[in-house]
Each structure stands twice: as structure tokens, then as C-alpha cells.
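Fold and geometry: a report
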Amino acid sequence: MKLETLAIHGGHIPDAGSGAVAKPITLSVTYQRESDGTYPKGSFYSSKGNPNRDTLEACFAGLERGHTAVAFSSGCAAITAVIRAALKPGDQVLVPDDLFQGTVRILRDVMPKWGITYRMIDMTDLRAAAAALTPQTKLVWTETFSNPLLKVTDLRAVAKIAHQAGAVCVVDNSFVTPALQRPLDFGVDLVVHASTKYVGGHGDVLGGIVVSKENSSLIHDVRQIQLLEGAVPAPFDCWLTHRGLKTLPYRVRAHSANAMAVARHLYGHRWVKKVFYPGLESHEGHELAAGQLNDGFGGIVSLQVRGGRDAAVRAAGYVKIFINATSFGEVESLIQHQATSPTHGSGTGIHDDLLRLSVGLEHPDDLISDLDQALTRAHESARDKTA
Ligand SMILES: *Cc1c(COP(=O)(O)O)cnc(C)c1O
């Protein structure tokens, strides 16, 4: 079956008991045991598995073309589970220099206590990646497209480099989702998602998912962390995330089309210094992205504003349709000044005139005129101040 069909039917058939077509939400914590001591319907205690989580995991595994999916209560819980399942004291993780700051914070502030270290390199430079591997490197983590600079990493090459050194290769696929890119097809071992973003799609539910290509001992260890430590999504969270999954391919296609229109408009714009969008032919990773993704280049566009930090901060404040807020992947368009965002923060080496746009599902003409008025006003108020 194709992606759109799997998204709607994967892991779910109408309810046998009631005939309900939409999946019922099963809130029960505990499940009845048969007189012979078995649990023929599969569940026995909610943190160890329930119908809503089972459906979400089965559907997601199908979309990523993986063997097993394991759901967590947030993207960060999923990331932490993978790091701890894959590594032991003395091991090192290789990570790219542009990546989700939550992953950096986990590696920098939590893991050292457990003897796990990390090294950061530009992973678009394959020679640098190969040279950075040591006998202690047991995990190569990558994110493509990267957050927030939209760098494109060659998944097939990075997976090969990792495997040659005996390391596991993991990709955070939150930015583009299986609707556009399926890393397991390129030899990657595990995919991690913040389903909080495009998968949930409406900005109303946190979640994380790990998908494994094989029925490996690694995914078994991830499952053990899920089952024993209990950082699991509630049944209603699973239901919301699974509902989002059903329309994921269509939403992501529309996000991509809108983002392309916005990026084209901003490219060469008088108040814009640089646009970062892999769909533009001028982007250095364009060709690689075109070969690795199908159906579009995703919904995130970053830009450097002319006039520096102040102009960027002001532009983010002057929008009327975009919302000045962190996160991405929901129907509403969001704008964020990276360097002052509480989730990104200063001192991360990010350009201080950088804005990240999550292009939503409003009409692209309205989004473009909103950005035009915000950028113009930001520029005019700077001129008034210096006059
Ligand atoms: C948001 C995000 C996460 C973490 O997700 P939470 O559900 O907020 O914990 C992980 N990776 C990427 C790329 C993200 O953008």
C-alpha cells in the first residue's frame, strides 16, 4: 500500500465490539484476565500497552517502513531512551553542529554524569565525519534537515561511515517526516520523531516515537525503557497523534508548497540577507535533498534579515497572521527569532539576525503579504529611530 493509504488504515480496523469506525479512546488502566490466566486481547496494564498506543505504533512503523515503533510521552523522552539504550559509560555520540537544542542539552547537561560524551562536527562534511569517529563512538546521530539552518546530510553515506566504525546510525526525522523522507530506506538503523510537530500536526499534543528497521536488540532495549520507566503517552495523546497521522501526507505536501512559495518570495527580497530552504536551487544541499526526499522540501524556512538583530526581533513582533511562538509543524504559521528563543538561546553560535518560519496551512498569499508588511515595518521603524 502507498503512504496515504497506510496513514489512514495502518494498524486500525473498525472496532469489533461497537462497529465504531473512528478508534475509541480506551482509558482503562487495567484489563481483565481470562479464567485460564491469559490476556487474549493483548493488553493487561496501560503503561505496558493499550489499544490506542498499539494502533499508533503499528501505523507509524508502517509509514517509516520499519519493523517496530515505540511511542514515548515526548520527543525528548524518545531521544533520551535511544541514547541510553545505545550507549554505556565510556561511549561517545557523534552529533552534527546544527541540531535541535534539546538534544544538545541532554548530551551536555544530563549524560556526562553517566559517562557518556559527545563530539560535534559539521556532518555535511563526510570526510570530517569519518575522521571524527573513534573506537568509543557507538552512536552517530544526525538530523536532516537540520534545525534551524536546514542543512542537508547524506543519509546513505553517514549510515555507511557509522557502520564501518561499528556504530549505530540514528536520524531525527521530525523536520520532514516519513511523508517526505524515509531514512530507514537509506540504511539508517533508527528514526526518532517529535510527533509533537508535523505528525500531531495541530500543536495540541506532545509525543515522541522511535522506529527501528530491524527487530534488533537495540529496539528491544528501547522498548524495555518504555515499559519499565513509564515515560509513555496517555491513551488520549496516542489517539490525537494517530488522528494527525491520517492526514500527514496531505498536510506535509501543502506545508511544502506554501513554504516553497514563501521561500521564493523572500529570495532576493530587499529586506532579506539570506534564505535557507533546501527547495531553492541556490541552497547548497538542494540536489542532495532532491534525491533523498520525495514530494517536497518541508515547511520550514529560515532567513537572515537585513538590519541585524534588532530588525529581526522587530519583524517577529510585527507579524499579524504568523504567530510569534516557538515550535513548528502545526496548521498555524509560526515565526521565531532563534537567538532569543528560550528553546534555543544565546551562546549557541546562531546568527542573531536569524528568523525561523514554520509555514502553516493558511493561504500563501496572505502569509507573503504578512511577512512583507512585518519586514517593511521593522525596517521603517529602524530608519525612524536613526533619523
Ligand atoms: C521539538 C523537537 C524535539 C523534541 O520534542 P518534544 O516533544 O518537544 O520533547 C526533538 N527533535 C526535534 C528536531 C524537535 O524539533
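Just so you know, these numbers come straight off a predicted model, no measurement behind them.

1. A word on unusual backbone geometry
Of note, the amide linkage connecting Thr 144 to Phe 145 takes the cis form, showing an omega dihedral of 5°. Summarising the element assignment, Phe 145 is placed in the loop between β4 (137-143) and α6 (155-164). At the junction of Asn 147 and Pro 148, the peptide bond is cis and its omega measures out at 10° in the coordinates. Here the phi dihedral of Leu 150 falls at roughly 55°; this positive angle occurs in a residue that is not glycine. The phi torsion at Asp 295 lies on the positive side, around 75°, for a residue other than glycine. Positionally, Asp 295 belongs in the loop between α10 (286-292) and β9 (300-305).

2. A word on the domain arrangement of the protein
By the assigned domains, the protein splits into domain 1 (3-246) and domain 2 (249-386). Between the C-alpha centres of domain 1 and domain 2 the distance comes to 27 Å. Each side of the interface is counted separately: domain 1 has 34 residues, and domain 2 has 37 residues. Contact with domain 2 buries surface across domain 1, with Leu 150, Leu 180 and Tyr 198 losing the most and accounting together for 25% of the total. Put simply, domain 1 and domain 2 have one salt bridge between them. A salt bridge links Glu 4 to Arg 253, with the nearest nitrogen and oxygen atoms 2.2 Å apart. For the interface between domain 1 and domain 2, the tally reads twelve residue pairs in polar contact (both at pLDDT 80 or more). Looking at the side of domain 1 that touches domain 2, the elements that each hand over two or more residues are α1 (3-9), α7 (177-180) and α9 (235-266).

3. Focus on the nonpolar core
Within the largest apolar cluster, 66 residues are counted, with the highest numbers of intra-cluster contacts made by Phe 145, Leu 266, Tyr 277 and Leu 357. With nine residues, the top contributor of residues to this core is α9. Once residues lying within four places of it in the same chain are set aside, the contact partners of Leu 357 are Val 262, Leu 266, Gly 299, Ile 300, Val 301, Leu 303, Phe 322, Leu 334, Ile 335 and Leu 371. Counting 29 residues, the second-largest nonpolar core is a separate cluster that includes Val 82, Ile 83, Val 95 and Val 210.

4. Let's talk about helix α8 (residues 217-229)
Its 13 residues give α8 an end-to-end C-alpha distance of 18 Å, which sits within 8% of 18 Å, the value for a rise of 1.5 Å per residue. Along α8, the positions that sit buried rather than exposed are Leu 218, Ile 219, Val 222, Ile 225, Gln 226 and Leu 227. Positive backbone phi, approximately 80°, marks Gly 230, located one or two places after α8.

5. Observations regarding the sheet that holds strand β7 (residues 208-212)
Reading across from one edge, β1-β7-β6-β5-β4-β2-β3 is the order of the seven strands in this open sheet, with mixed pairing throughout. Each edge of the open sheet is held by one strand with a lone partner, namely β1 (68-72) and β3 (117-121). Along the sheet, successive strands turn relative to each other by an average axial angle of 20°, direction set aside. By the bridge criterion, three bridges tie strand β2 (residues 92-96) to β4 in an arrangement that is parallel. If you follow Leu 94 over to β4, its bridge partner there is Val 140. Contacts from helix α4 (residues 101-110) reach β2, β3 and β4, with the element oriented near 140° to β3. On the sheet, α8 packs against β1, β5 (168-172), β6 (190-194) and β7 and is oriented at approximately 30° with respect to β1.

6. What about α9?
Helix geometry: α9 is bent most strongly at Leu 248, by close to 60°, with proline Pro 249 lying one to four residues after it. Phi for Gly 268, located one or two positions after α9, is positive at around 80°.

7. Looking at the packing of aromatic side chains
Counted according to the given criterion, the structure contains four aromatic pairs. Relative to Phe 328, the ring of Phe 175 has its centre 4.7 Å away and its plane inclined at 70°; by these criteria the two rings are edge-to-face. Taken together, the residues span a long stretch of sequence, with Phe 175 in the loop between β5 and α7 and Phe 328 in the loop between β10 (323-324) and β11 (334-337) at a distance of 153 residues. For Phe 328, a relative accessible area of 4% puts it in the buried group. Ring geometry for Tyr 198 versus Phe 328: centroids 5.8 Å apart, planes at 55°, classification tilted. Of this pair, Tyr 198 sits in the loop between β6 and β7 while Phe 328 sits in the loop between β10 and β11; the two residues are 130 residues apart in sequence, bridging distant segments of the chain. Connected via pairs of aromatic rings, a cluster forms that spans Phe 175, Tyr 198 and Phe 328. Here Arg 253 stacks its cationic end above the ring of Tyr 250, 5.1 Å away from the centre of that ring. Cation over ring: Arg 377 sits above Tyr 318, and NZ or CZ is 3.8 Å from the ring centre.

8. Here's the deal with the site of the ligand
Close to the ligand lie 13 residues, the nearest being Gly 75, Cys 76, Asp 172, Thr 196 and Lys 197. One nitrogen or oxygen atom from the main chain of Cys 76 is found 2.8 Å from an oxygen atom belonging to the ligand. Taking Asp 172, its side chain carries an N or O atom lying 2.7 Å from a nitrogen atom of the ligand. In terms of residue count, helix α3 (residues 75-86) provides more of the shell around the ligand than any other element does, three residues in total. Residue composition of the shell around the ligand, by class: six nonpolar, five polar and two charged.

Cut-offs used in this document
- Residues numbered from 1 in each chain as written.
- Predicted model: local features only at pLDDT ≥ 70, side-chain atom pairs only at ≥ 80, totals over all residues.
- Heavy atoms only, no water.
- Helix = DSSP H or I, 4+ residues; strand = E, 2+ residues; numbered from the N terminus.
- Domains from an automatic or database assignment.
- Contact = heavy atoms within 4.5 Å.
- Buried area = accessible area lost by both parts, 1.4 Å probe.
- Salt bridge = Lys/Arg side-chain N within 4 Å of Asp/Glu carboxyl O.
- Polar contact = N/O pair within 3.5 Å; in protein donor to acceptor, adjacent residues only side chain to side chain.
- Core = buried A, V, L, I, M, F, W, Y, C linked by side-chain atoms within 4.5 Å.
- Buried < 20%, exposed > 50% of the residue type's maximum accessible area, 1.4 Å probe, protein only.
- Expected span 1.5 Å × (residues − 1).
- Pairing = 2+ DSSP bridges.
- Axes fitted to C-alpha atoms, helices over the stretch in contact; angles between N-to-C directions.
- Bend = angle between axes of the 7 residues up to and from the residue.
- Phe/Tyr/Trp six-rings, centres within 6.5 Å; stacked < 30°, edge-to-face > 60°.
- Lys NZ or Arg CZ within 6 Å of the ring centre and 35° of its normal.
- Near = heavy atom within 4 Å.
- Nonpolar A, V, L, I, M, F, W, Y, C, P; charged D, E, K, R; others polar.

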